[in-house]
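Take a look at the letters that make up each chain.
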Amino acid sequence: MRGALVDEKQLEKQKEYALLASAAIKSRFESAPKAFVHTYGCQGNVADSERIQGILCEIGYELTSELSEADLVLYNTCAVREHAEQRVFGNVGALKHYKARNKNMIIALCGCMMQQEHVSEKIRKSYPFVNLVFGTHVLHRLPEFIFRVLSGEKVFCTDESKGVIAEGLPIHRDGEIKAWLPIMYGCNNFCTYCVVPYVRGRERSRDEESILEEARQIVKAGYKEITLLGQNVNSYGNDLENSINFAQLLKKIDSIEGDFKIRFMTSHPKDCTKELIDTIAASEKISHHLHLPFQSGNNRVLKAMNRHYTREKYLSLIDYAKKTIPNLSLTSDVIVGFPGETYEEFKDTLSLIKEVEFTSLFTFIYSPRKHTPAAEMDDPVPRSEKNKWFKELLDTQAEIAAKRTASMNGKTYRVLVESEGKAEGTLSGRTDENVIIEFEGGRKLIGKYVNVKVTQNLTWVLKGKLE
Ligand code: SAH
Ligand code: SF4
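Predicted model, so just to flag it, every value in this text is computed and none were measured.

**Comments concerning the packing of helix H7 (residues 208-220) against helix H8 (residues 246-254)**
Okay, step 1: Two elements in contact, H7 and H8, have axes separated by 10 Å at closest approach and are oriented at 35 degrees. In this structure, H7 meets H8 at a crossing whose hand is right-handed. On the side of H7, the interface is formed by Glu-208, Ile-211, Leu-212 and Ala-215, while H8 contributes Leu-249, Lys-252 and Ile-253.
Okay, step 2: Split into classes, the residues belonging to the contact of H7 with H8 amount to five nonpolar, no polar and two charged.

This is the structure in structure tokens:
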């Protein structure tokens, strides 16, 4: 059985709307109008934006990176932390001036923020120049929305809370080297601080064949790295009947012929299995890198977060992974200042990162999110105090990272060249461990794998020489 697919009739209807939108665009513009798409937040949003861009190109828009020349501006928003939301409101406010200069400019907002009623209400009331707002479950209806906006309507569509998967949408990928491949959507975990399950709905896995077909197309198009995406990739297939599990899916992608690497995110420690770790160890193509967010090193806090694992279980998983996967690189997400966390409890987070020695960390100060259980909890520690803990966390991790990069000095690594470096004549790439390395070399190596010997180690970045 497949996940909750969009019904075929709806997709057919959208094809008709795409033709109507395309005709409306041709009659209104002499040459292709320009669309500026900006994405906030996680790679899941980036992958959604690539489908949005695919649809926009299909109906006749050309993409631009210049806001000032845009006929359509679309912001795909993130609701995970308050800071991200404030930035969106600020940037939407600034669009008023652009619209004053180009009265026909279409302003569209979508993504996780828009799925929250209080946000779409605020947009409706305080930002009347916005033409289109749509939530995370109706992305496939973009041709219809654009057509209706072009016909003079103001469209707000955020109320379809039932999660769906629309296969077969056109995709316009951002890069030519690394590709994002969503394998599932939504989340069932309801960590008490997190808004994602409320704005993205329940877990829905894409069916195996659609994923494999997309992976084959990505490899055929010459991409050198595929990152499989999901909020908790370890529970892939749980919502499907007779489905393969995540480790088995990885093996199938691994067996696609070609010179490419596989990464994935995010793994939830509660569902991370030995089978998965053994699969990584046995594969040539799966990167020896595991992003395994632990959030807190203290068992009381983990319980209050509803994470369903203990510090001990996490550490034993890490221990097994380190023993099993050669040259394993570990990264993680950490939250500082969860409501009620004490300094003593925070120290357990510090001791955990010292014990594991992560390559790098994504660190966050807790941000209250409307309607989540944690937002109702007592939070007596002032922000100034949390900032101090946060700095202590960053300093500790910087020491660990410096030690790690120092241990890489003198060794040779296979590196995927991603772009030009900051200095003239240099290139920037990543090792399998996901560490950035810069070295001298010509542009024609971009997108290729090369061997680079590390000659200098800075805290986060390596310098090296082509071999
Ligand atoms: N599904 C992934 C992460 C999704 S959100 C997982 O479970 O690991 C990415 C990260 O943002 C989380 O891992 C967490 O560290 C952080 N985060 C989520 N909600 C937050 C909040 N309310 N305040 C601060 N950080 C938060
Ligand atoms: Fe949020 Fe937890 Fe789901 Fe990750 S697993 S998206 S942190 S609820």
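**So, the nonpolar core**
Okay, step 1: Ranked by size, the top nonpolar core spans 57 residues in total, and within it Ile-183, Leu-228, Phe-246, Ile-253 and Phe-264 carry the most contacts.
Okay, step 2: Aside from chain neighbours lying at most four places away, what touches Ile-183 is Ser-205, Arg-206, Ile-211, Leu-228, Leu-229, Val-233, Tyr-236, Phe-246 and Leu-249.

**Considering empty space enclosed by the protein**
Okay, step 1: Per the stated rule, a full pass over the model turns up two cavities of 30 Å³ or more.
Okay, step 2: Approximately 200 Å³ is the volume attributed to the largest cavity.
Okay, step 3: Counting only domains with at least three residues in the lining of the largest cavity, you end up with domain 1 (4-164) and domain 2 (188-406).
Okay, step 4: Together, Asp-48, Ile-52, Asn-76, Cys-110, Gly-111, Phe-134, Gly-135, Thr-136, Leu-139 and Arg-200 line the second largest cavity.
Okay, step 5: Where the lining of the second largest cavity is concerned, the elements lending two or more residues are helix H2 (43-58) and strand E4 (106-111).

**Considerations on the layout of surface pockets**
Okay, step 1: What the second largest pocket holds in volume is close to 490 Å³.
Okay, step 2: Among the elements of the structure, strand E11 (261-265), helix H13 (383-408), strand E15 (412-420) and strand E16 (426-431) are those that each provide at least two residues to the lining of the second largest pocket.
Okay, step 3: If you tally residues by element for the lining of the second largest pocket, the top one is H13, at five residues.
Okay, step 4: Taken together, the residues of the lining of the second largest pocket sort by class into seven nonpolar, four polar and eleven charged.
Okay, step 5: The residues that make up the lining of the second largest pocket include at least three from each of domain 2 (188-406) and domain 3 (412-466).

**Comments concerning the site of ligand 1**
Okay, step 1: In the vicinity of ligand 1 there are 15 residues, among which Tyr-193, Gln-231, Gln-295, Asp-333 and Ser-367 approach most closely.
Okay, step 2: At 2.8 Å, a side-chain N or O of Gln-231 approaches a nitrogen atom of ligand 1.
Okay, step 3: Asp-333 is positioned with one of its side-chain polar atoms (N or O) 2.6 Å from an oxygen atom of ligand 1.
Okay, step 4: Across the complex, the protein chains shield 91% of the 540 Å² of accessible surface that ligand 1 would expose by itself.
Okay, step 5: Among the elements of the structure, strand E13 (329-336) and strand E14 (360-365) are those that each provide at least two residues to the shell around ligand 1.

**Quick notes on the site of ligand 2**
Okay, step 1: Around ligand 2 sit Cys-187, Asn-189, Phe-190, Cys-191, Tyr-193, Cys-194, Val-196, Pro-197, Gln-231, His-268 and Arg-307, and that is every residue in its neighbourhood.
Okay, step 2: Considered class by class, the residues forming the shell around ligand 2 number seven nonpolar, three polar and one charged.

**Observations concerning the domain arrangement of the protein**
Okay, step 1: Looking at the assigned domains, one finds that the protein contains domain 1 (4-164), domain 2 (188-406) and domain 3 (412-466).
Okay, step 2: Taken together, the contact pairs 20 residues of domain 2 with 14 residues of domain 3.
Okay, step 3: Summed over both partners, the interface of domain 2 with domain 3 buries about 1400 Å², with 54% contributed by carbon and sulfur atoms.
Okay, step 4: Residue Lys-261 pairs with Asp-432 through a salt bridge whose shortest N-O separation is 3.4 Å.
Okay, step 5: For the pair domain 2 and domain 3, the interface holds ten residue pairs in polar contact (both at pLDDT 80 or more).

**Side note on the packing of helix H12 (residues 343-356) against H13**
Okay, step 1: Interaxial distance between H12 and H13 falls to 10 Å at its minimum, and their mutual angle equals 15 degrees. The angle between the axes of H12 and H13 places the two elements in the roughly parallel class. With respect to the hand of their crossing, H12 and H13 are arranged in right-handed fashion. On H13, the residues that touch Tyr-343, Phe-346, Thr-349, Leu-350, Ile-353 and Lys-354 of H12 are Trp-389, Glu-392, Leu-393, Thr-396, Gln-397 and Ile-400.

**A word on unusual backbone geometry**
Okay, step 1: A cis geometry characterises the amide bond from Met-265 onward to Thr-266, with omega recorded as 5 degrees.
Okay, step 2: Its place among the elements puts Thr-266 in the loop between E11 and helix H9 (274-282).
Okay, step 3: Notably, Phe-190 is not glycine yet its phi reads approximately 50 degrees, a positive angle.
Okay, step 4: By secondary structure assignment, the location of Phe-190 is in the loop between strand E8 (184-185) and helix H6 (196-200).
Okay, step 5: Look at His-371: it is not a glycine, yet its phi comes out positive at around 70 degrees.
Okay, step 6: In this structure, His-371 sits in the loop between E14 and H13.

Calculation criteria
Residues numbered from 1 in each chain as written. Chains lettered and ligands numbered in written order. Predicted model: local features only at pLDDT ≥ 70, side-chain atom pairs only at ≥ 80, totals over all residues. Heavy atoms only, no water. Axes fitted to C-alpha atoms, helices over the stretch in contact; angles between N-to-C directions. Helix = DSSP H or I, 4+ residues; strand = E, 2+ residues; numbered from the N terminus. Left-handed = near helix turned anticlockwise from the far one by under 90°. Contact = heavy atoms within 4.5 Å. Nonpolar A, V, L, I, M, F, W, Y, C, P; charged D, E, K, R; others polar. Core = buried A, V, L, I, M, F, W, Y, C linked by side-chain atoms within 4.5 Å. Buried < 20%, exposed > 50% of the residue type's maximum accessible area, 1.4 Å probe, protein only. 1 Å grid on protein atoms, 1.4 Å probe; cavity = no way out; pocket = protein on both sides within 12 Å on 5 of 7 lines; lining within 4 Å. Points joined across faces, edges and corners; volume = space filled by probe spheres on them. Domains from an automatic or database assignment. Near = heavy atom within 4 Å. Polar contact = N/O pair within 3.5 Å; in protein donor to acceptor, adjacent residues only side chain to side chain. Areas by Shrake-Rupley, 256 points an atom, 1.4 Å probe, with all protein chains shown as cover. Buried area = accessible area lost by both parts, 1.4 Å probe. Salt bridge = Lys/Arg side-chain N within 4 Å of Asp/Glu carboxyl O. Parallel < 35°, antiparallel > 145°, perpendicular 65-115°, else oblique.

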